[in-house]
Amino acid sequence: MPPETNEIQVASLTEPGRKFALWEILSVVTSCLLVEWVAFSFVGESKVVAGVPVLLALGYMFYSHREHDETWRDIGFGADNFFGACRLLLLPTAVLIALAASVSWFSSSAAVAPLRLRYLLLPVWALFQQYVLNGFINRRAQLALGKGVKSILLVGIVFGVLHLPNPLLAVLTFVGGLIWAAVYQRQPNLFALALSHTLSSIALALLVSPRLLNSLRVGFKYFG
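Notes on the structure follow. Along each chain, the written sequence defines residue order, and numbers are assigned to residues from 1. A pLDDT threshold of at least 70 governs which residues receive local features in this predicted model, and a stricter bar of 80 or more applies before side-chain atom pairs are shown or counted, although totals over entire chains, interfaces and linings include all residues. Side-chain calculation: all heavy atoms of the structure are included, whereas hydrogens and water are not.

## What to know about the overall build of the protein chain
Thought 1: Counting from the N terminus, the helices are the DSSP runs of H or I reaching at least four residues and the strands are the DSSP runs of E reaching at least two. A count of helices and strands for the protein chain gives 9 helices and 0 strands.
Thought 2: Ordered by position from N to C terminus, the α and β elements of the protein chain give α-α-α-α-α-α-α-α-α.
Thought 3: Summary of the burial criterion: residues with accessible area below 20% of their type's maximum are buried, those above 50% are exposed, and those between are partly exposed, where the area comes from a 1.4 Å probe applied to protein chains only. In the protein chain, which comprises 224 residues, the proportion classed as buried is 43%.
Thought 4: By the convention used here, residues are in contact when the closest approach between their heavy atoms is within 4.5 Å. Taking contacts inside the protein chain between residues at least 6 apart in sequence as the whole, the part at least 24 apart equals 81%.
Thought 5: For the area figures, the Shrake-Rupley method with a 1.4 Å probe applies, and any residue is considered shielded solely by the protein chains shown. Just so you have it, the protein chain exposes about 12,300 Å², and 71% of that area is on carbon and sulfur atoms.

Set out below in C-alpha cells:
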C-alpha cells in the first residue's frame, strides 16, 4: 500500500520553523479579523476594500503551500478518501445537528425557518472556510504543535474566535472546529468537511431562532 503523501512531517522541523508556522496562522487569522472588525464595520460592505486583506492572505497561503511542496491532494482536494472522511463525519455531523435542535428546543424557539435561495451557495462558502481552517491553519498547527490534541484545540479556538463576539455562534463553531480538525487529521478531505459544514449550517439556520444567533452577525456588525 503506497504511503500517504499528505502526511505532515514535523520531526525534522526546527524550533524557528515551528514558530514561523504559528506566525503563518496568526497572519491569516489577522487578515480575517481585519475584514470582520474593520473593513465591514468602518468602511461599509465594500467588496473591494474587504477583498484586499482576503486576497493578500490567499496569495500568501498559495505561496506557503508551494514552499512546503504541498499538492492539492495533500491539502485535501482529493477524491480518493472522500467516503472514508464521510464515514468519520457521519456521527459527529448528526451530533452537531442535534445540538442545533437542542438549542432551539431548550430556548423555547423551536420553529423551522423557510428555505432560502442563498443556501445554494453554502457548499461553496463552507468549502472556502474549510480550506482556510483545515487546509492551511490545521496543517500549520500540526507543524508547530504536532498532530493531536494541541493542534486540534488550536484550530477549534481559532474558528470560535473568528465568530466573536456572538457568544452562541462562537461556542458552536468552536465545537464544530474541533470535530472537523480531528477528522481532517485522520482523513484530510475538504469536500467531506464542507458537506458536514453545509448540513450543520443549514440545520442551525433552519432550527435556531435568528434572535438567538443575532442573524449570524460577527465582528462589530454584531452590535448592530
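## Let's talk about the packing of helix H7 (residues 167-186) against helix H8 (residues 190-207)
Thought 1: Running from N to C, H7 and H8 cross one another at 155°; their axes reach a closest spacing of 11 Å. Classified by the interaxial angle, the pair formed by H7 and H8 is roughly antiparallel. The hand of the H7/H8 crossing is right-handed. When H7 is examined against H8, the residues Leu169, Leu172, Trp180, Val183 and Tyr184 are found in contact with a partner set consisting of Leu190, Leu193, Ser196, His197, Ser200 and Leu204.
Thought 2: Each residue is assigned to one class: nonpolar for Ala, Val, Leu, Ile, Met, Phe, Trp, Tyr, Cys and Pro, charged for Asp, Glu, Lys and Arg, and polar for all the others, Gly among them. When the residues that make up the contact of H7 with H8 are grouped by side-chain class, the tally is 8 nonpolar, 3 polar and no charged. Here an axis means a line fitted to C-alpha atoms, over the contact stretch when the element is a helix, while the angle between two N-to-C directions is reported on a 0 to 180 degree scale. Roughly parallel means an angle under 35 degrees; roughly antiparallel means over 145; roughly perpendicular covers 65 to 115; every other angle is labelled oblique. It is the rotation of the near helix from the far one that decides the hand of a crossing: anticlockwise by less than a right angle makes it left-handed, clockwise makes it right-handed.

## Some details on the packing of aromatic side chains
Thought 1: Working definition: a ring pair exists when centres of Phe, Tyr or Trp rings (six-membered ring for Trp) sit within 6.5 Å. Plane angles under 30 degrees give stacked, over 60 give edge-to-face, the rest tilted. Throughout the structure, instances matching the rule amount to 14 aromatic pairs.
Thought 2: Ring geometry for tryptophan 125 and phenylalanine 128: centres 5.7 Å apart, planes at 15°, overall stacked. Of this pair, tryptophan 125 and phenylalanine 128 both sit in helix H5 (residues 122-145), 3 residues apart, roughly one helical turn.
Thought 3: A relative accessible area of 47% places tryptophan 125 in the partly exposed class.

## Things to note about helix H6 (residues 149-161)
The α-helix advances 3.6 residues per turn, and as a result positions three or four apart in sequence lie on the same side.
Thought 1: Each helix should span, by expectation, one fewer than its residue count multiplied by 1.5 Å. Compared with the 18 Å implied by 1.5 Å per residue over 13 residues, the 18 Å span of H6 between its first and last C-alpha is a close match.
Thought 2: Regarding H6, the residues found buried are Ser151, Ile152, Val155, Gly156, Val158, Phe159 and Gly160.

## Let's talk about helix H4 (residues 82-106)
Thought 1: Across its 25 residues, H4 extends 35 Å between first and last C-alpha, which sits within 8% of the 36 Å expected from 1.5 Å per residue.
Thought 2: To get the bend at a residue, fit one axis to the 7 residues ending there and another to the 7 starting there, then take the angle between the axes. Along H4, the sharpest change in direction is near 40° and occurs at leucine 89; proline proline 92 comes one to four residues later.
Thought 3: When H4 is considered as a whole, its buried residues turn out to be Gly84, Ala85, Leu89, Pro92, Thr93, Leu96, Ala100, Val103 and Ser104.
Thought 4: Against H7, H8 and helix H9 (210-213) lie the buried residues of H4.

## Re the environment of phenylalanine 191
Thought 1: Turning to its location among the elements, phenylalanine 191 is positioned in helix H8.
Thought 2: Owing to a relative accessible area of 34%, phenylalanine 191 belongs among the partly exposed residues under this scheme.
Thought 3: Here the alpha-carbon distance between phenylalanine 191 and tyrosine 131, two residues 60 residues apart in the chain, equals 9.3 Å.
Thought 4: Not counting residues up to four positions away in its chain, the partners in contact with phenylalanine 191 are Gly76, Phe77, Gly78, Phe82 and Leu127.

## A short note on the side chain of arginine 139
Thought 1: Position of arginine 139 relative to the elements: it lies in helix H5.
Thought 2: Residue classification places arginine 139 among the buried residues on the basis of a relative accessible area of 4%.
Thought 3: For arginine 139, the side chain forms a polar contact with the side chain of glutamate 70, separated by 2.8 Å. Polar contacts, as used here, are pairs of N or O atoms within 3.5 Å; protein pairs need one atom able to donate a hydrogen and one able to accept it. Residues neighboring in sequence count only if both atoms are side-chain atoms.

## Some points on the nonpolar core
Thought 1: Side-chain atoms within 4.5 Å link the members of a nonpolar core, which is a set of buried Ala, Val, Leu, Ile, Met, Phe, Trp, Tyr and Cys residues. Counting residues in hydrophobic clusters, the biggest one holds 28 residues, and the most contacted among them are Met61, Tyr131, Ile137, Trp180 and Leu193.
Thought 2: The set of elements that each furnish at least two residues to this core consists of helix H1 (15-42), helix H2 (47-67), H4, H5, H6, H7 and H8.
Thought 3: No other element matches the 6 residues that H5 contributes to this core.
Thought 4: Ignoring sequence-local partners within four residues, the contact set of methionine 61 consists of Val28, Tyr131, Val132 and Phe136.
Thought 5: Grouped together as the second largest cluster of nonpolar side chains are 8 residues, Ala100, Leu169, Leu172 and Leu213 included.

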